[in-house]
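# Examining the three-dimensional arrangement
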Amino acid sequence: MEGPDRKKGEFDSVNYTPRGTNFLPRDEESHQAEERGDGRGVGVRVRKAWCDMHRIVILGGGTGGTLAANRLRKAFGTDEAGITVVDRDDAHVYQPGLLFVPFGLTHPEDITRPRGRQLRGGIDYRTTGVDRVEPDQQTVVLADGSTLDYDVLVVATGAVLAPEETEGLTGPGWMERVFTFYTPEGAAALEQALATFDHGRLVVNVVDLPIKCPVAPLEFCFLADWFLRERGVRDRVDLTYVTPLDGAFTKPVASDRLGGMLAERDIELVTEFNTGEVDGAGGRLISFDDREVPFDLAVVVPAHNGAPCIVRSDGLGDEFGFVPTDEHTLQSTSHPEVFVLGDAASLPVSKAGSVTHFEGEVLVENVHRFLRGEPLDASYDGHVNCFIETGFHKAMLIDFNYDMEPLPGHYPGDVGLPLLKESHLNHLGKLLFQWVYWHSLLPGRDLPGIHSTMPTRGKRQASAV
Ligand SMILES: Cc1cc2nc3c(=O)[nH]c(=O)nc-3n(C[C@H](O)[C@H](O)[C@H](O)COP(=O)(O)OP(=O)(O)OC[C@H]3O[C@@H](n4cnc5c(N)ncnc54)[C@H](O)[C@@H]3O)c2cc1C
């Protein structure tokens, strides 16, 4: 696949979208058009839908598509809306579990379930590829050439890995001494390699941002440190974290804390490294400005793009295939009947399951409001919540939003899980989350005490620590 040009080292490629572009639904526009007498007729398709059933099509049956479909099914009676979910396969992977596969703590088959079974009754599930959207026609073209018309489209096609965009990455050494744990196959192959790795240079490299779960590569470093110590070979392994950022993480307080934790564990931090080439045969990462980091075993998080079907959809996505989206309403900035959630959205927020979940609550409310012709709810505040596994049966928790960076304290209130602090309780929370994912988050149930907006209670300014 031909990808966008990354040679400039544009690691911060998230787009900031204009606020407050709350489009009216098309039938509302058509009433106005009729009153104006300009005869644009944009409401014809939706007027039919008011008489019959609303047609809601959801692209992607991963975290976002599944929870949105289940919440929408609860919000609309089966006589009010037809809901169709399209995904190319029937294997739903709990992606946070991929972190644990290389260390033999779980296996791909233990974190994978059939997609269709995660959907409530009354949802039409199609296992086929999406070729493209024709947004001006409000039509989805499927890989077999058939089409689906919609009144509302929900784009939840996620992000795809683009290892082929980095010179040499998939060349000699790929899946032999150069791995990624971001796919089930890669994570399983890395488990084999790590099991016998007992000396040399282990390098963890983020090629470019945005990536899914930006803390996952740091978690990998912490777990690798723990794993190698457990095996009694840590003193024979040099562990290095190589990132395009100017610190361990993007947010200053968390970056300081995480950078300190790398140093405590004797993990070298190499910053502002924009990987231009991976020389698998020679064991070298080479940056665009000709710096080199040698390795014996490399764990690489490749560049991410939006889904290729979005690139093929005229006027829907940006040059990377992410969909420009209003950051508070989750409505596409170009097409009012399109709503976007999860990794597919071009938003200044982490690509994370927690984000997808919080966005989902607002998105479902807005699909409802849009179809009723009401003003949209602009309450999504960029809430992110993330457990960071730190090894030795501990984890840290961070909670932040567009305006507030991760702060110490407790979540979700004055009493709760410790923030920005390693604890066994957080580790248990991280492990428990898999159960919550399958049984509560995906089915679209509300989690007690957890809301889409970020809680401020329980948080302290960093200086007060
Ligand atoms: C290693 C790893 C660890 C992670 N850890 C965490 C964590 O600890 N906490 C956290 O909050 N998040 C974590 N995440 C991120 C989280 O998994 C994602 O952000 C979340 O799954 C995004 O949901 P989504 O619905 O946007 O995308 P996905 O769940 O990826 O779903 C996208 C779906 O779209 C489908 N699709 C795409 N294109 C097409 C097409 N053309 N035709 C048909 N179907 C298509 C795909 O098959 C896929 O099923 C992690 C991710 C990884 C990889």
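Keep in mind that this is a model prediction, so the values were computed, not measured. (Residues numbered from 1 in each chain as written. Predicted model: local features only at pLDDT ≥ 70, side-chain atom pairs only at ≥ 80, totals over all residues.)

Turning our eyes to something else, we now look at the overall build of the protein. Along the backbone of the protein there are nine helices and 26 strands. Expressed as a percentage of the 465 residues in the protein, the buried residues total 49%. Nonlocal contacts in the protein, meaning residues at least 24 apart in sequence, comprise 67% of its contacts between residues at least 6 apart. (Helix = DSSP H or I, 4+ residues; strand = E, 2+ residues; numbered from the N terminus. Buried ≥ 20, exposed ≤ 12 C-beta atoms within 10 Å, placed from the backbone. Contact = placed C-beta atoms within 7 Å.)

Before going further, it helps to examine helix H6 (residues 252–264). In a regular helix each residue adds 1.5 Å, so 13 residues correspond to 18 Å; H6 covers 18 Å between its end C-alpha atoms and thus fits that length. The set of residues buried in H6 consists of Ala 254, Arg 257, Leu 258 and Met 261. Projected onto a plane normal to the axis of H6, the buried residues spread over an arc of 90 degrees and lie on a single side. Projecting away from the buried face of H6 at angles above 90 degrees are the exposed residues Pro 252, Gly 260 and Ala 263. Buried positions along H6 lie against helix H5 (216–230), strand S23 (384–391) and strand S24 (394–400). (Expected span 1.5 Å × (residues − 1). Arc of directions from axis to C-beta.)

Looking now at the sheet that holds strand S18 (residues 297–301). In space, the five strands of this open sheet follow the order S11-S18-S12-S13-S14, with parallel pairing throughout. Edge positions in the sheet fall to strand S11 (178–179) and strand S14 (267–270), since each has one partner strand and no second. In this structure, strand S12 (residues 200–206) lies alongside strand S13 (residues 237–242), joined through six bridges in parallel fashion. Across the sheet, residue Arg 201 finds its bridge partner in S13, namely Asp 238. (Pairing = 2+ DSSP bridges.)

The strand order S6-S7-S8 describes an open sheet built from three strands, whose pairing is antiparallel. In this open sheet, the two strands that pair with only one neighbour each are strand S6 (130–134) and strand S8 (147–149). Across the sheet, the axes of successive neighbouring strands diverge by a mean angle of 20 degrees, strand direction being ignored. (Axes fitted to C-alpha atoms, helices over the stretch in contact; angles between N-to-C directions.)

To continue, consider the site of the ligand. For the ligand, the set of nearby residues contains 36 residues, the closest of which are Gly 60, Gly 62, Gly 64, Gly 158 and Gly 342. For the shell around the ligand, the elements supplying multiple residues, two or more each, are helix H3 (63–75), strand S2 (81–87), helix H8 (353–372) and S23. Of the residues contributing to the shell around the ligand, the split by class is 16 nonpolar, 14 polar and six charged. Three or more residues apiece are contributed to the shell around the ligand by two domains, here domain 1 (26–160 + 305–372) and domain 2 (163–302). (Near = placed C-beta within 6 Å. Nonpolar A, V, L, I, M, F, W, Y, C, P; charged D, E, K, R; others polar. Domains from an automatic or database assignment.)

Attention now moves to the confidence of the model for the protein. On average, residues of the protein score 90 in pLDDT, and 88% of them reach the 70 mark or higher. Below pLDDT 50 for its whole length, residues 1–50 participates in 85 contacts with residues either more than four positions away or in separate chains. (pLDDT = per-residue confidence, 0-100.)

What follows covers the pairing of S13. Assessed by its sense of winding, the connection that carries the chain from S12 through H5 to S13 is right-handed. Here four bridges tie S13 to S14, and the two strands are oriented parallel to one another. Note that in S14 the partner of Thr 240 across the bridge is Glu 268. Crossover connection from S13 via H6 to parallel S14: handedness right-handed. (Right-handed = clockwise from strand over helix to strand, strands pointing away.)

The amide bond that connects Leu 209 to the next residue, Pro 210, takes the cis arrangement and shows omega of 5 degrees. Positioned with a positive phi, Gln 138 is a non-glycine residue whose angle comes to about 55 degrees. As for its placement among the helices and strands, Gln 138 is situated in the loop between S6 and strand S7 (139–142).

Right, let's talk about H5 for a bit. For H5, with 15 residues, the first-to-last C-alpha span of 21 Å sits near the 21 Å given by 1.5 Å per residue. Counting buried residues in H5 gives 11 out of 15 residues, a clear majority hidden from the surface. Buried residues of H5: Ala 216, Pro 217, Leu 218, Glu 219, Phe 220, Cys 221, Phe 222, Ala 224, Asp 225, Phe 227 and Leu 228, and no others. Where H5 terminates, the next one or two residues include Gly 232, which has phi positive at roughly 75 degrees.

Turning our attention to the environment of Gly 416. Structurally, Gly 416 is set in strand S26 (residues 416–419). Other than its neighbours up to four places away in sequence, Gly 416 contacts His 410, Tyr 411 and Gly 458.

Where H3 meets H8, the closest approach of the two axes is 9 Å, and the angle between their N-to-C directions is 35 degrees. Our pair here, H3 against H8, has a crossing hand that is right-handed. Contact with H3, carried on its side by Thr 63, Gly 64, Leu 67, Ala 68, Arg 71, Leu 72 and Ala 75, involves Gly 353, Thr 356, His 357, Gly 360, Leu 363, Val 364, Val 367 and His 368 of H8 and no other residues of that element. By residue class, the composition of the contact of H3 with H8 is seven nonpolar, seven polar and one charged. (Left-handed = near helix turned anticlockwise from the far one by under 90°.)

Turning next to the pairing of strand S15 (residues 275–279). Here S15 runs beside strand S16 (residues 284–287); their pairing, made up of four bridges, is antiparallel. Bridge assignment links Val 278 to a residue of S16, and that residue is Leu 285. The hairpin formed by S15 and S16 contains four residues between the paired strands, and Gly 283 there has a positive phi angle of roughly 70 degrees.

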